[in-house]
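A structural walkthrough
These are the residues of each chain, in order.
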Amino acid sequence: MKRFLYHDLIVAGNWCNLKCSYCTSVADAGDFGEATSASARRRGATIAIADVLAMLDGLRRHVDAPVIKVSGGELFLLANAADLVTELSAYYAHVQVLTNGTELTPAIVERLSGLDNVGFNLSLDGHTPEMNAMRWRSPRLGERVMMALDAITAVGRPLEITMVISDANAAHLCDFLAFLATLPCRVVLIPIPVRGIHADRLFRKEPRRVFAEVLRSLPGAFAPVLGPAAYYHRLADFLDGENGVRRHRCHLTAAAVQLFDTGALTPCPVGWTAEIANVRRDGIDAASAVIGEHKLYDLMQRDPPRVPVCRSCFSQADVLNLYLDGAIDLEELVVMPLFAAPAARQRLVELKAARTQPRQASAEARARRDLPVGAAPAGAGAASVLSLAAER
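What comes next is a walk through the structure. (Residues numbered from 1 in each chain as written. Predicted model: local features only at pLDDT ≥ 70, side-chain atom pairs only at ≥ 80, totals over all residues. Heavy atoms only, no water.)

**Quick notes on the overall build of the protein**
Helix and strand counts for the protein stand at 17 helices and 11 strands. In summary, the protein has a C-alpha radius of gyration of 22 Å against a globular reference of 21 Å for 392 residues, a match within 12%. Each of the three principal axes of the protein carries a C-alpha extent, and together these read 75 × 50 × 35 Å. The buried share of the protein, taken over its 392 residues, is 52%. A fraction of 74% describes how many contacts in the protein between residues 6 or more apart in sequence connect residues 24 or more apart. Carbon and sulfur atoms provide 54% of the accessible area of the protein, an area that totals close to 16,800 Å². Here the protein contributes 42 positive and 42 negative side-chain charges, whose respective centroids are spaced 4 Å apart. (Helix = DSSP H or I, 4+ residues; strand = E, 2+ residues; numbered from the N terminus. Rg over C-alpha atoms; globule rule 2.2 N^0.38 Å. Buried < 20%, exposed > 50% of the residue type's maximum accessible area, 1.4 Å probe, protein only. Contact = heavy atoms within 4.5 Å. Areas by Shrake-Rupley, 256 points an atom, 1.4 Å probe, with all protein chains shown as cover. Lys, Arg positive; Asp, Glu negative; His and termini not counted. Charge placed at Lys NZ, Arg CZ, Asp CG, Glu CD.)

**Quick notes on the side chain of Asn121**
Tracing the chain through its elements places Asn121 in strand 6 (residues 118–123). Accessibility expressed as a relative area gives 4% for Asn121, which makes it buried. Within the structure, Asn121 has its side chain in polar contact with the side chain of Thr162 (distance 3.0 Å). Ignoring sequence-local partners within four residues, the contact set of Asn121 consists of Gln96, Val97, Leu98, Thr99, Glu160, Ile161 and Thr162. (Polar contact = N/O pair within 3.5 Å; in protein donor to acceptor, adjacent residues only side chain to side chain.)

**Side note on the packing of aromatic side chains**
For the structure on display, the rule yields 8 aromatic pairs. A ring pair is formed by Phe32 and Phe260, whose centres lie 4.7 Å apart and whose planes are at 15 degrees; its orientation type is stacked. Of this pair, Phe32 sits in the loop between helix 1 (25–29) and helix 2 (49–62) while Phe260 sits in strand 9 (residues 256–260), and the two are 228 residues apart along the sequence. For the pair shown, Phe32 and Phe260 are each scored as buried. Ring geometry for Tyr231 and Phe314: centres 5.5 Å apart, planes at 55 degrees, overall tilted. A residue pair is termed long-range when its members are at least 10 positions apart, and Tyr231 in helix 9 (residues 229–241) and Phe314 in the loop between helix 13 (308–311) and helix 14 (317–324) qualify at 83 residues. (Phe/Tyr/Trp six-rings, centres within 6.5 Å; stacked < 30°, edge-to-face > 60°.)

**Let's talk about the environment of Asp282**
The residue Asp282 is located in helix 10 (residues 279–282) in this model. Each residue touching Asp282, except ones within four places of it in the same chain, is listed here: Ala277 and Ala287. A polar atom in the side chain of Asp282 sits 2.8 Å from the side chain of Arg281.

**Observations regarding the pattern of salt bridges**
Taken as a whole and assessed by the stated rule, the structure comprises 19 salt bridges. With a shortest N-O distance of 2.7 Å, Arg111 and Asp83 are connected by a salt bridge. Of this pair, Arg111 sits in helix 4 (residues 106–113) while Asp83 sits in helix 3 (residues 81–88), and the two are 28 residues apart along the sequence. When its relative accessible area of 41% is taken as the criterion, Arg111 is described as partly exposed. Two residues, Arg209 and Glu206, come together in a salt bridge whose shortest N-O distance is 2.6 Å. Placement of the pair is Arg209 and Glu206 together in helix 8 (residues 205–216), with a separation of 3 residues, close to one helical turn. We classify Arg209 as partly exposed; its relative accessible area is 39%. On the basis of relative accessibility, which here comes to 45%, the residue Glu206 falls in the partly exposed class. (Salt bridge = Lys/Arg side-chain N within 4 Å of Asp/Glu carboxyl O.)

**Considering unusual backbone geometry**
In the segment running from Asp303 into Pro304, the intervening peptide bond is cis, with an omega of 0 degrees. Positive phi, close to 50 degrees, is recorded for Ala12, a residue that is not glycine. A relative accessible area of 2% means that Ala12 is categorised as buried.

**A closer look at the pairing of strand 5 (residues 94–99)**
The element strand 5 is extensively covered by neighbouring structure, given that 5 of its 6 residues are classed as buried. By the bridge criterion, 4 bridges tie strand 4 (residues 67–71) to strand 5 in an arrangement that is parallel. Counterpart to Ile68 in the pairing with strand 5 is Val95. For the crossover from strand 4 across helix 3 to strand 5, the handedness is right-handed. One ladder, built from 5 bridges, connects strand 5 with strand 6; its direction is parallel. (Pairing = 2+ DSSP bridges. Right-handed = clockwise from strand over helix to strand, strands pointing away.)

Now the structure itself:
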């Protein structure tokens, strides 16, 4: 049994009602199959829930994970999306639902908030139409999203917000944080920079530099609506000190596996590289066998990153990377609702131990190699050698 932190489920990934200027996901989803579980691409269409659950049942037999993230496309364009989420809540310690909020009605919020292990991750670039200029094409869309935000906060459940940073909203981060601080529930804002082919055009170098300086000097009063402070500092370094080129290893492919409802499996839920297997075509046993073993796993876990999509990537997963790298502790990490469930905490501890053991073994090997001929490590002196090697 392989042990990961979460399964990442994409349902009808090729169908969304927004046309965000920076988004390539809907177009890219087509690379992983057109035959989704949706009955059609029109309002009122439904998900073939039994088919999706059957694929997940097979996946869970081979890859245990206490958490699942589920998204589209826009999931709530599908009439029975809440039914799917309800079913998933019976199998996972925590279910995080990603949504743009346009189709998230108060009735759906009330229903899903009645499930103690379901939470929302809302894609929202600010609290004004101007900040969301790259997302919303009409005032009505914005009104619906803000109504969804009101509904979520009214029930008092923790909420994660993903804010894509661009020229449209970078200058107003602190205004958005001040707005979020007034909401009647725990909110965690995670800003991520525009990625992909449009990044340089939509988030130019000088706004990046200024935004990085803002991140480094965020007022302490905003701490209640922020995640671990180290995340914002590392993002600042990525934006200006590293000029948008990633220097840190990413552990996400060792912590999550992505399943499209077309049956496609991909090694990374953020950087969609290639299908490594398909549970519909190959069968669940054969498909699951390549998880963690396909050559892409080695390539995507290189330090420093080598794969082009990895070198330009900075995402929510970097909160997890900070923990697995030892830059933050578990209590700092679990302010994020995604990681807060007891089963998720336990799995995080296991994953960190698994990451640490190879480094320790490598450090011990280097220390033995560096000893003079005939010398043997003993007592405190040996411990010091190993500690220094591990720190390198």
